Amino acid sequence: MTVYLNGQFLPLEEARIPVLDRGFIFGDGVYEVIPVYSKRAFRLHEHLVRLQHSLDGVRIDNPHSVGEWAALINTLISHHQHEDQYVYLHITRGVAKRDHAFPQPAVAPTVFMMSNPLTHPAAELLQSGVSAITAVDNRWLRCDIKSISLLPNVLLRQQAVDAGCAEVILVRVENNDSDSFITEGSASNIFLVRDGILLAPPKDNLMLPGITYDVILELAAAAGIPCSVRRILKQELYSADEILLTSSTREVMPITMLDGKPVGNGRPGPLFRQLHDRYQHFKREVMRKP
Ligand code: PMP
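The numbering scheme is per chain: residues are counted from 1 as the chain's sequence reads. Side-chain atom pairs in this predicted model are given and counted only at pLDDT of 80 or more, local residue features only at pLDDT of at least 70, and totals for whole chains, interfaces and linings cover all residues. Side-chain measures were taken over the full set of non-hydrogen atoms in the model, leaving aside hydrogen atoms and water.

**Quick word on helix H5 (residues 151–162)**
Here's step 1: Each helix corresponds to a stretch of at least 4 residues labelled H or I by DSSP, and each strand to a stretch of at least 2 residues labelled E; elements are numbered beginning at the N terminus. For a helix, the expected span equals 1.5 Å multiplied by the number of residues minus one. Taking 1.5 Å of rise per residue, 12 residues should cover 16 Å, and H5 covers 16 Å from first to last C-alpha, within 8% of that figure.
Here's step 2: Within H5, the full set of buried residues consists of Asn153, Leu156 and Ala160. An end-on view of H5 places all buried positions within 70° of arc, on one side of the element. In H5, those exposed residues whose orientation departs by more than 90 degrees from the buried face are Leu151, Val154, Leu155 and Asp162.
Here's step 3: Lining the buried residues of H5 we find strand E7 (130–136) and strand E8 (167–172). Relative accessibility under 20% of the residue-type maximum defines a buried residue, over 50% an exposed one, and the middle range a partly exposed one, all with a 1.4 Å probe and only protein chains included. This arc corresponds to the set of directions leading from the helix axis out to the C-beta atoms. We call two residues in contact whenever any of their non-hydrogen atoms come within 4.5 Å of each other.

Below, the structure written as structure tokens:
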């Protein structure tokens, strides 16, 4: 497998970083995951805008222009035979003597990219839906930054796996439990459907502004589905007609069991089906454009 590291395309086995890389020592870096369909990066511009937001948030200078990123990403894609892939792109503050404060003078950031085959959600899971649990969102207050420091997400996702579930829906706990609200999944955004209205949490510092989240809201608006972007209370989860998760690699999936109880009638609902079909159609249309 060919990967990219600091200006070079090389086999994965030959890619090496020094142990003093601040990504290794502190998790001091940011990343992106970009889906690729028919060898074309999907929503590349939006992913690069979010990358810039993450870099600004952690005060790392962007090592490349948008044009340079696009060229590097396209070259990486061309090294792989699969039509559908996902590019993982990772930037750290670089290599320096271990000290929490930024290195002075600044050092060159480390840039790493790899691409893997994109496997689409299994048809059975789209038919049956997946199970999820809720858990306390114990992450920091800058979840809008796509930080490589993913330990809380790792532990939360493992909690879901230990419970035999595909995802964990994160809840920010308020003093009064009836005010507790949901933010997102450990690696996805979450939508609810109640009374025919698609509900989405607002993009703020407590969640990652998902690229798929935006696509889903655009598709819903185009389809005339009523949408409301507002804080979603934890208690609303349990009376939702449908719950959906979205991400670049899982696209849109129905959550049909939550905390061991069925969501709605326990089957994927009509808004899921509509949005899933529209997403597939939209993807194909975008990829057909020259
Ligand atoms: N939230 C978190 C915490 C994530 O890790 C992801 C996956 N990148 C998402 C939301 C969904 O974002 P996107 O649609 O851009 O993949």
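Structure's up, so let's keep going.
**Looking at the site of the ligand**
Here's step 1: By convention in this text, a residue qualifies as near a molecule or strand provided that one of its non-hydrogen atoms is within 4 Å of it. As a matter of local geometry, the ligand sits amid 16 residues, with Arg50, Lys146, Glu184, Thr212 and Ser248 nearest to it.
Here's step 2: Polar contact is the term for a pair of N or O atoms within 3.5 Å; when the atoms are in protein, one must be able to donate a hydrogen and the other to accept it, and sequence-neighboring residues count only if both atoms are side-chain atoms. One of the side-chain nitrogen or oxygen atoms of Lys146 is found 2.6 Å away from a nitrogen atom of the ligand.
Here's step 3: Within the backbone of Ile211, an N or O atom sits 2.9 Å from an oxygen atom of the ligand.
Here's step 4: What sets the accessible areas is the Shrake-Rupley method with a 1.4 Å probe; for residues, cover comes only from the shown protein chains. In the complex, 93% of the free accessible area of the ligand, which totals 380 Å², lies under the protein chains.
Here's step 5: Elements represented by at least two residues in the shell around the ligand include exactly strand E9 (181–185), helix H6 (211–222) and strand E13 (242–247).

**Regarding unusual backbone geometry**
Here's step 1: Residues Gln104 and Pro105 are joined by a peptide bond in cis, for which omega reads -10°.
Here's step 2: Relative to the elements of secondary structure, Pro105 occurs in the loop between strand E5 (85–92) and strand E6 (110–117).
Here's step 3: A positive phi angle, close to 55°, is found at Arg43, a residue other than glycine.
Here's step 4: Inspection of the secondary structure assignment puts Arg43 in the loop between strand E4 (40–41) and helix H2 (44–58).
Here's step 5: Exposure remark for Arg43: the relative accessible area of 16% places this residue in the buried category.

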